[in-house]
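If you want the building blocks of each chain, they are given just below.
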Amino acid sequence: MSASPAPAPTATAPAPVAFEVKPLNRATRDPWYVRWVLIGLTVGIVGLLVAVPLASVFVQATAKGFGVYWTNLVANPDTRHAVFLTMVVAPVAVAMNVVFGVAAAWAIARFRFRGRGLLITLIDLPFSVSPVVAGLVFVLIFGLQAPLGLWLRDHGYQVIFAPPALVLATAFVTFPFVARELIPVLEAVGPDEELAARSLGASGWQLFWWITVPNIKWGLLYGVILCNARAMGEFGAVYVVSGRIEGQTDTMPLRVQKLWEGSDNPAAFALASVLTLLALVTLVLKVVIEPKVREQTAAAKTAAE
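As the structure is a computational prediction, the values presented were derived from the model and not from experiment.

The rules behind each value
Residues numbered from 1 in each chain as written. Predicted model: local features only at pLDDT ≥ 70, side-chain atom pairs only at ≥ 80, totals over all residues. Heavy atoms only, no water. Salt bridge = Lys/Arg side-chain N within 4 Å of Asp/Glu carboxyl O. Buried < 20%, exposed > 50% of the residue type's maximum accessible area, 1.4 Å probe, protein only. Helix = DSSP H or I, 4+ residues; strand = E, 2+ residues; numbered from the N terminus. Core = buried A, V, L, I, M, F, W, Y, C linked by side-chain atoms within 4.5 Å. Contact = heavy atoms within 4.5 Å. Expected span 1.5 Å × (residues − 1). Arc of directions from axis to C-beta. Axes fitted to C-alpha atoms, helices over the stretch in contact; angles between N-to-C directions. Parallel < 35°, antiparallel > 145°, perpendicular 65-115°, else oblique. Left-handed = near helix turned anticlockwise from the far one by under 90°. Nonpolar A, V, L, I, M, F, W, Y, C, P; charged D, E, K, R; others polar. pLDDT = per-residue confidence, 0-100. Phe/Tyr/Trp six-rings, centres within 6.5 Å; stacked < 30°, edge-to-face > 60°.

1. Things to note about the pattern of salt bridges
This model, assessed by the stated rule, comprises nine salt bridges. The shortest N-O distance in the salt bridge between R230 and E234 comes to 2.4 Å. The partly exposed category is assigned to R230, whose relative accessible area is 30%.

Right, here's the structure in full:
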């Protein structure tokens, strides 16, 4: 009887060695004076360039009392008309940009077509073109020296030096805000839900109102807020196309400049404080909505993965 061979020794894998990785804490590595110098510079620059001018506007506006402040806002008919015109021009321009922005963002996010890169570049064009140049372009297109301007005049329409020019100029300089906010949201959401709804027989409007809009609502609202803030304070393009006609084409920024040039400083600061309050309200809304936009985009990316 032959002896059975001894079993070969089995190789055992070495036990894994656990390494504890501690996060680097820059606060414990940087010298204290570096941290305080950087913090001090940041606070000082923000205070000098932002906080002090904002506080100065309200101090100057109310320097002679709240009674004079209110009178400066409501007593002058030209100032009242400037406020009214701004409240009309800005919403109309924002509404136009909502329509164009949603359409452009949906086309860019859902389709790959020749000229897509050019379309994206054109959307960003108002960011790089001076508003004064944009206003001059509208004057050259709709002015009386252009064939289109002559045709409009002969048919009883006036664009330049009238409210329509203010709307066009404001819509141009604020065009990128809505589209630029919606493109990444639509790309993150993807077309799956829309395709499913389409396959179940949903019409185009049903697909848009019940699928697309709920998916982009926070991004759309965020873009509208930024667009409205920019529209309220637009000066350069409106300055060129308005003609600065008192009681007809003056918006709030233009009216502030006229009051300042006329040495009516309390009235100028009073109207400037209204624009500043609108800016602060916009900032608060932006801070509230921005996390929701990030959450919506992150959730859409997670669902797509």
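2. Comments concerning unusual backbone geometry
One non-glycine residue, F161, adopts positive backbone phi at about 60 degrees. Note that F161 resides in the loop between α7 (147-154) and α8 (163-173). F161 gets classed as partly exposed once you look at its relative accessible area, which sits at 39%. Phi is positive for R244, which is not a glycine, with a value near 55 degrees. Along the chain, R244 turns up in the loop between α12 (236-242) and α13 (252-261).

3. Quick notes on the nonpolar core
Within the largest apolar cluster, 24 residues are counted, with the highest numbers of intra-cluster contacts made by I123 and L182. Considering each element in turn, this core owes the most residues, nine residues, to helix α9 (residues 175-189). Among all residues touching I123, those that are not within four sequence positions of it are A104, I108, F175, P176 and A179. Counting residues in each nonpolar core, the second largest holds 17 residues, with F138, F142, V167 and A169 among its members.

4. Considerations on helix α6 (residues 131-142)
Taking 1.5 Å of rise per residue, 12 residues should cover 16 Å, and α6 covers 17 Å from first to last C-alpha, within 8% of that figure. By the burial criterion, the buried members of α6 are A134, G135, F138, V139 and F142. Within α6, the buried residues cover an arc of 145 degrees as seen down the axis, which keeps them to one side.

5. Brief notes about the packing of helix α4 (residues 77-110) against α8
At a minimum axis distance of 9 Å, the contact between α4 and α8 shows a crossing angle of 50 degrees. Taken as axis vectors, α4 and α8 run oblique relative to one another. Regarding α4 and α8, the two cross each other, and that crossing is right-handed. Across from L85, V89, V92, A93, M96 and N97 in α4, the residues of α8 making contact are P163, L166, V167, T170 and A171. Within the contact of α4 with α8, the residues separate by chemical class into nine nonpolar, two polar and no charged.

6. Things to note about α9
The terminal C-alpha atoms of α9, which comprises 15 residues, lie 23 Å apart, in line with the 21 Å expected from a rise of 1.5 Å per residue. Counting buried positions along α9 yields 11 of 15 residues, so the element is predominantly enclosed. Of the residues making up α9, those classed as buried are F175, P176, F177, V178, A179, L182, I183, V185, L186, A188 and V189.

7. Here we look at the confidence of the model for the protein chain
Detailed reading of predicted coordinates is not advised where the pLDDT is low. The share of residues in the protein chain with pLDDT of 70 or more is 89%, and the mean pLDDT across the chain is 85. Across the protein chain, element-level confidence peaks in α8 with a mean pLDDT of 94 and bottoms out in helix α1 (residues 26-29) with 57.

8. Some thoughts on the packing of aromatic side chains
One pass over the full model with this rule turns up nine aromatic pairs. For the ring pair F127 and F177, a centre distance of 5.6 Å and an interplane angle of 90 degrees mean the geometry is edge-to-face. You can see F127 sitting in helix α5 (residues 116-128) and its partner F177 sitting in helix α9, a full 50 residues away along the chain. Among the aromatic residues, those joined into a cluster by ring pairs are F138, F142 and F172.

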